[in-house]
Structures are given as structure tokens and as C-alpha cells.
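Per-entry structural report
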Amino acid sequence: MAALRLGPRPLPLHLASAATLWLSSRAALPLLSSGLLPWKPELAAAGNALRQSLAGVAAEDFATAVEGELRARSDSFLQGLERYRHHPYRRAASEPPVLWQEGATRLLDYRPAGGPPVLVVPSLINRAYILDLLPDRSLLRFLAAAGLRPLLVDWGKPEALERSFDLTHYVAGRLERAAEVTASLGAPFAVIGYCMGGLLALALAERRGGLVSALALLASPWDFHAERPGQARLLGEIAEPLVRSFALLGEVPVDMLQLLFATLDPLLALRKFSRFAALPAGSAEERDFVAVEDWLNDGVPLALPVARECLGGWYGANTPEAGLWRIAGRPVLPERVAAPSLVIVPAQDRIVPPRTAAALARRLPRAEELTPPLGHIGMMVAHEAPTAVWRPLADWLGRPAAAPARPPRRRRRD
């Protein structure tokens, strides 16, 4: 029998957020009936219409109806949680050969038989296998089937050495050495960066431009204050207290990182597990949901110097857009990237708001922009991902470097 899952992490936070919503709904009933319930300006008209529609309804009857609805919603949420925690699915994808390894970092070869090499750089704070989640949900295997040779940088979990790393160690050290191994198979080569990995890939392309023939950035943030600047600055404010709190541990634990992600949308777990409870048992949609949730809950800790640089620098001070983010003492400037670039900005991204990522399309000299109607994770796992993202990306990578890239639904920015 499969072991019971502990997620979604942190489970107490998700339960508390849902309970707070339900309790606040009960507490608001008297205020709604009396007309004293404060509404946000954008909701005031709808709130007044709701109160007027209830004018002829007995308060006791309405309270009973609300109580029944809250009970039904709580049951749905809890059923979804339990269904996920007991689900029999376990990821069993075969792992490709390891081409190179240094410390916890490995370079995985998805097409040893050959083809033009493509170096793929994921985030440091999530497992790299979101790019190869399932046999039929794998960007890397799709690219390999298209004749390319994807080489995935798997950062792994920070061990004793990596806990002292900052981003210079990762880019000017591990990533550049992985790039040299890639170059031995054929140079120059294309580079793909996903999420946080896009900034690392951009820094590589800027520093080692002679090795890079093309640069594709998928949902990669740059201007951290382009949307929700207050939220970004708040993350910047907690950087130093966070680093001090976990100084003895040497890393920010996974559950703390999950808590920070949860602040982006505190009720996301409530909505998605309530929907999960209604999915047909044994369906592919059910399996896909569990696979993604398992990946989300299988995070890795973050080295403290990296946490300080990302939270305090990127989010708090917006150092990339300000030209103040440095690798080995040198500012990382998109304007110095000579290779043609493809900036993919998922239109429904909640993790990296679209304007945050689209800033790179304005700064890279030879950039084109693709805006698929998907979310941050959906561009890797959604049913529409192969046609909306993977195929245009593979076609773009397959063109000669000198040819102008023209992916579908492109949008240039002045």
C-alpha cells in the first residue's frame, strides 16, 4: 500500500485559510442584513444588489442556507484533500543518462543518440522534472522527438557545499561548466531557461555569448515591480529576518518556501482541491492533477545566500531591471545578449505576472514574444501545451540562427 501523502504543503496553512474564509462568512451575515457590511469599492454595487435581493428572505432561512452551503463546500474541500493524500499514483518515469555531475548538480542527456544540443536550465527551488513530468507530459521528450538533444541541468538538493552558494557560484561555476560540457557536443548551442532558471540562462548567454546560438526564456521574471510591486517589496523586507532565522540550518526549508508561494493566492488550495473532488475517478485528468501536486510538494530547500539575493535583491530592490544584479561582480544586462531570443509569456501566469516576464522582450536586442493562453505550470503540463508552446518552441529552435524567428501568435513590443 502506498504511503500517505503529507501534502499539500504546508497543510495546516491551507486548512487554516479555508476555515478563516468559512468563519468570516458566518460572521458577515448580521452585517450584510443590516447594511453595515463594508465592501471594496469595486464590489459595492454587487453587494448592494445582493442585500436588496434578500429583502424578502427571513434571516433565519438565509442563515440556514448559508450554513448548508458552507458545510457542502468544506466537505468537498476535505474530500479532495483525502482523495489526493490516498491516491495510488506514484511517478515512475525512467531517468535519462547522466552526462556530467558536480556535487548535487547533474546534466541529464535526453537524446544520447545525437542531434543539436539544447541546454535546459530550470529553477533552483523546484524539482527539474516538471519538464519531464509524465511520458505524455514531457517538454524534454517532445524536443528529443523533434530531433534536438535536450540536456537538462538538474540542480538537485543543496548539500553541505551548495548551502554556501550564491548565484555567482551557480552561474559562473556550475552552469558555465555544464555549458562547456554541452559545447563539447556542438557549439554554439541553444539555451532554454524556465522560471527562475531563465535569469540564470540569461546570465550565461550574456557572459558566454560565443557559446550560445539562441536563447528561449519561458515564464522568466525580470522586472519584479512591473506588477504587484507591494507584494514584491514585502518579500524583500522579510529576506534578512528569514536568513537570520535559518542561519543554523544553512538553508530555507521547503515548507517555508511553500508558505511564501501560498501568500500569492491563499485560497488556491481550497479552489483546486474542491474541483479535484469532482473529477472522475481513474481519469487522466485525475492522474495529471496528482502528478503536478506531487511535484509541487516535492520542493528543495534554498541556500541562504541565494535566498538573500533573490528575495532581498530581485523582489525587494528589483535589481535585474535596475541593472544592479551582478554575477562575479559584473552586471547582467540583457542588452548585451547577441543571440536571437524567444520570450514566452504565459498570459494566465499567477506566479510570474505577465508584465514581469514581458520586460525582457523589450530589453533583449533580438527578441520575439509568444503569449500562449496558459498558466505558469500549464505551459508544461496542460493539454494545450504541445500546440501552444512546445511545437512553436521546437520550430524556433530548429531554424538556422541567422533566420528571423517567427513563432505563431508572436507580439513585438516597441
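First, a word on scope: everything that follows refers to the structure included in this document. (Residues numbered from 1 in each chain as written. Predicted model: local features only at pLDDT ≥ 70, side-chain atom pairs only at ≥ 80, totals over all residues. Heavy atoms only, no water.)

**Structural notes on the overall build of the chain**
Cut-off, in case you're wondering: Secondary structure elements follow DSSP: runs of H or I of four or more residues count as helices, runs of E of two or more count as strands, with numbering from the N terminus. C-alpha atoms define the radius of gyration, and 2.2 Å times the number of residues to the power 0.38 defines the globule rule. The rule is simple: take the accessible area with a 1.4 Å probe, protein chains only, and divide by the maximum for that residue type; under 20% is buried, over 50% is exposed, in between is partly exposed. Surface accessibility in these figures is a Shrake-Rupley result with a 1.4 Å probe; residues are shielded only by whichever protein chains are displayed. For the purpose of counting charges, residues Lys and Arg are taken to be positive, whereas Asp and Glu are taken to be negative. His and the chain ends are not included. Charge positions are represented by NZ for Lys, CZ for Arg, CG for Asp and CD for Glu.
What the chain contains, in helices and strands, is 16 helices and 12 strands. For the chain, whose C-alpha radius of gyration is 23 Å, the value lies close to the compact-globule estimate of 22 Å for 414 residues. Dimensions of the chain along its principal axes, counting C-alpha atoms only, are 75 × 50 × 50 Å. For the chain, buried positions account for 53% of its 414 residues. Total accessible area on the chain is roughly 18400 Å²; 58% of this is exposed by carbon and sulfur atoms. Between the averaged position of the 47 positive side-chain charges in the chain and that of its 41 negative side-chain charges there is a distance of 4 Å.

**What to know about helix α5 (residues 167–183)**
Applied cut-off: Values of bend correspond, residue by residue, to the angle between axes fitted over the seven residues ending at that residue and the seven starting there. Pairs of N or O atoms within 3.5 Å make up the polar contacts considered here, provided that, within protein, one atom can donate a hydrogen while the other can accept it, and that residues adjacent in sequence are counted only when both atoms are side-chain atoms.
Helix geometry: α5 is bent most strongly at E176, by close to 30 degrees. α5 sits mainly inside the fold: 12 of its 17 residues count as buried. Every buried residue of α5 is listed here: L167, Y170, V171, G173, R174, L175, E176, A178, A179, V181, T182 and A183. Measuring from the side-chain oxygen of the N-cap residue of α5 to the backbone nitrogen of T168 gives 3.1 Å; that N-cap residue is D166.

**Comments concerning the nonpolar core**
Test applied: Among buried residues, the Ala, Val, Leu, Ile, Met, Phe, Trp, Tyr and Cys ones that are joined through side-chain atoms within 4.5 Å form a nonpolar core. The contact rule is simple, with two residues in contact once any of their heavy atoms fall within 4.5 Å.
In terms of nonpolar packing, the biggest core is built from 125 residues, with L119, L167, Y194 and L218 touching the most fellow members. Apart from residues lying up to four places away in sequence, L119 is in contact with L107, L151, V153, L175, A179, T182, F189, A190, V191, I192 and L204.

**Thoughts on a nonpolar patch on the surface**
We count it as follows: For patch building, the residue pool is restricted to those with more than 30% relative accessible area and no salt bridge; the joining distance is 9 Å between like charges and 5 Å between nonpolar side chains (Val, Leu, Ile, Met, Phe, Trp, Tyr). Only one rule defines a salt bridge in this text: a Lys or Arg side-chain nitrogen within 4 Å of an Asp or Glu carboxyl oxygen.
A cluster of nonpolar residues, W39, L43 and L50, forms a patch on the protein surface that exposes about 250 Å² of accessible area. Inspection of the secondary structure puts L43 in the loop between α1 (11–34) and α2 (44–53). With a relative accessible area of 41%, L43 lands in the partly exposed category.

**So, the sheet that holds strand β5 (residues 189–194)**
Under the convention used in this document: A strand pair is defined by DSSP finding two or more bridges across the two strands. Axes, fitted as lines to C-alpha atoms, cover a helix only where it is in contact. Angles between the N-to-C directions of the axes lie from 0 to 180 degrees.
Read across the sheet, eight strands follow the order β1-β2-β4-β3-β5-β6-β11-β12 without closing on themselves; strand pairing throughout is mixed. Each end of this open sheet is capped by a strand with a single partner; those strands are β1 (98–102) and β12 (367–370). Neighbour-to-neighbour, the strand axes of this sheet turn through a mean angle of 20 degrees, independent of strand direction. Strand contacts of helix α6 (residues 196–207): β3 (117–121), β5 and β6 (212–218), with the helix running at about 150 degrees to β5, the strand carrying the most contacts. The sheet strands contacting helix α16 (residues 385–398) are β3, β5, β6, β11 (341–344) and β12, and the helix crosses β6 at an angle near 170 degrees.

**Some words on unusual backbone geometry**
Among all residues save glycine, negative phi is the norm, and among peptide bonds the norm is trans. Of note, the bond from R9 into P10 is cis; its omega dihedral lies within 30 degrees of zero at -10 degrees. Assignment of secondary structure puts P10 in the segment before α1. Its identity as a non-glycine residue notwithstanding, N318 has a phi of 55 degrees, on the positive side. By the secondary structure assignment, N318 is in the loop between α12 (304–317) and α13 (319–322). Residue classification places N318 among the buried positions, given a relative accessible area of 9%. Phi angles above zero are rare outside glycine, and A328 is one such case at about 55 degrees. For A328, the location among the structural elements is in the loop between β9 (326–327) and β10 (330–331).

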